[in-house]
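Structural overview
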Amino acid sequence: FGAGVIVLASLIWSLALIHIRRHRWHSEVLDLLPWQLAAGLVVLTPVALWGEDPAAIHWTPGFVLLLLVSGPLASGLCVAGLVSASRALPAVSLSLMSMAVPAVGIVASTLAIGESPSATDLAGFAAIAAGIAVVSVADLRRRSIS
C-alpha cells in the first residue's frame, strides 16, 4: 500500500508540474496562496479527524503554534516558492532538487533534537546529492554552450 501511495504521489506531482508549466496564469502565486491554504484546510481537516480520535488531540499553545507554523508558513509559502520555481527552472532540475527536502528535514531533526540518521538515510542523501550534482553539471554545460 505504501509503495502504491508513493507511486500515486509521484504521478500527481508530475501532472501538477505539467499543469504549472502549461497553464496560462492570470494572477501572481502569492495572490492565490490564501485560496490554496483554504482548499487544503477544507479537504485535509476531515481526513485528519477521520484518521485520529478528536478526543486525543491536546490543544496546547505549543500544538497550536506548530499548526500555524506548519500550515500557512511552512506549507503555504513553500508551495508558493515551488510554483514560482516550477515556472522558471527546468523540470528535471526542479524535481531532483526538491528531493533534497527530506534530507534537509532529517538533518534539521539531527541538529534540533539529536536524532541520528540511519545508514539508509545516509545512502539516500548520497543518491540525492549525486543526482543533483549530475543534473546541475548538465545544466551548467548546456548554458555554457548556449
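Let me sum up the structure you'll find in this document. (Residues numbered from 1 in each chain as written. Predicted model: local features only at pLDDT ≥ 70, side-chain atom pairs only at ≥ 80, totals over all residues. Heavy atoms only, no water.)

1. Some points on the packing of helix α2 (residues 29-51) against helix α3 (residues 61-88)
Contact geometry for α2 and α3: axes closest at 10 Å, N-to-C directions at 135°. In terms of their interaxial angle, α2 and α3 are classed as oblique. Read as a crossing pair, α2 and α3 show a hand that is right-handed. Judged by residue contacts, V29, L30, L33, Q36 and L37 of α2 engage G71, P72, G76, L77, V79, A80, V83, S84 and R87 from α3. A breakdown of the residues in the contact of α2 with α3 according to their chemical character gives nine nonpolar, four polar and one charged. (Axes fitted to C-alpha atoms, helices over the stretch in contact; angles between N-to-C directions. Helix = DSSP H or I, 4+ residues; strand = E, 2+ residues; numbered from the N terminus. Parallel < 35°, antiparallel > 145°, perpendicular 65-115°, else oblique. Left-handed = near helix turned anticlockwise from the far one by under 90°. Contact = heavy atoms within 4.5 Å. Nonpolar A, V, L, I, M, F, W, Y, C, P; charged D, E, K, R; others polar.)

2. A word on the packing of aromatic side chains
In this structure the tally under the stated criterion is one aromatic pair. Aromatic pair W59 and F63: ring centres 5.2 Å apart, planes at 75°, arrangement edge-to-face. F63 gets classed as partly exposed once you look at its relative accessible area, which sits at 29%. (Phe/Tyr/Trp six-rings, centres within 6.5 Å; stacked < 30°, edge-to-face > 60°. Buried < 20%, exposed > 50% of the residue type's maximum accessible area, 1.4 Å probe, protein only.)

3. Re α3
With 28 residues, α3 should cover 40 Å at 1.5 Å per step; its first-to-last C-alpha distance of 39 Å lies within 8% of that length. For α3, the principal kink sits at S70 and spans about 35°; a proline, P72, occurs within the next four residues. (Expected span 1.5 Å × (residues − 1). Bend = angle between axes of the 7 residues up to and from the residue.)

4. Focus on the side chain of S109
Tracing the chain through its elements places S109 in helix α5 (residues 100-113). S109 gets classed as buried once you look at its relative accessible area, which sits at 16%. Looking at S109, its side chain comes within polar contact range of the side chain of E115, at 3.4 Å. Sequence-distant contacts of S109, that is, excluding residues within four places in its chain, are made with G114 and E115. (Polar contact = N/O pair within 3.5 Å; in protein donor to acceptor, adjacent residues only side chain to side chain.)

5. As for the nonpolar core
If you look at the biggest cluster of nonpolar residues, it comprises five residues: I20, V29, L33, A80 and V83. Elements that contribute at least two residues to this core include exactly α2 and α3. The contacts of V29, once residues within four sequence positions are left out, are A80, V83, S84 and R87. (Core = buried A, V, L, I, M, F, W, Y, C linked by side-chain atoms within 4.5 Å.)

6. Quick word on helix α4 (residues 91-98)
Where α4 is concerned, the buried positions are S93, L94 and S98. In a view along the axis of α4, the buried residues occupy a sector of 120°, so they form one face of it. (Arc of directions from axis to C-beta.)

7. A closer look at the packing of helix α1 (residues 2-22) against α3
Running from N to C, α1 and α3 point in directions that differ by 65°, and their axes come no closer than 9 Å. Accordingly, the angle class assigned to the pair α1 and α3 is roughly perpendicular. Viewed along their axes, α1 and α3 form a crossing whose handedness is right-handed. In this structure, α1 contributes W13, I20 and R21 to the contact, and α3 contributes L82, V83, S86 and R87. Classifying every residue of the contact of α1 with α3 gives four nonpolar, one polar and two charged.

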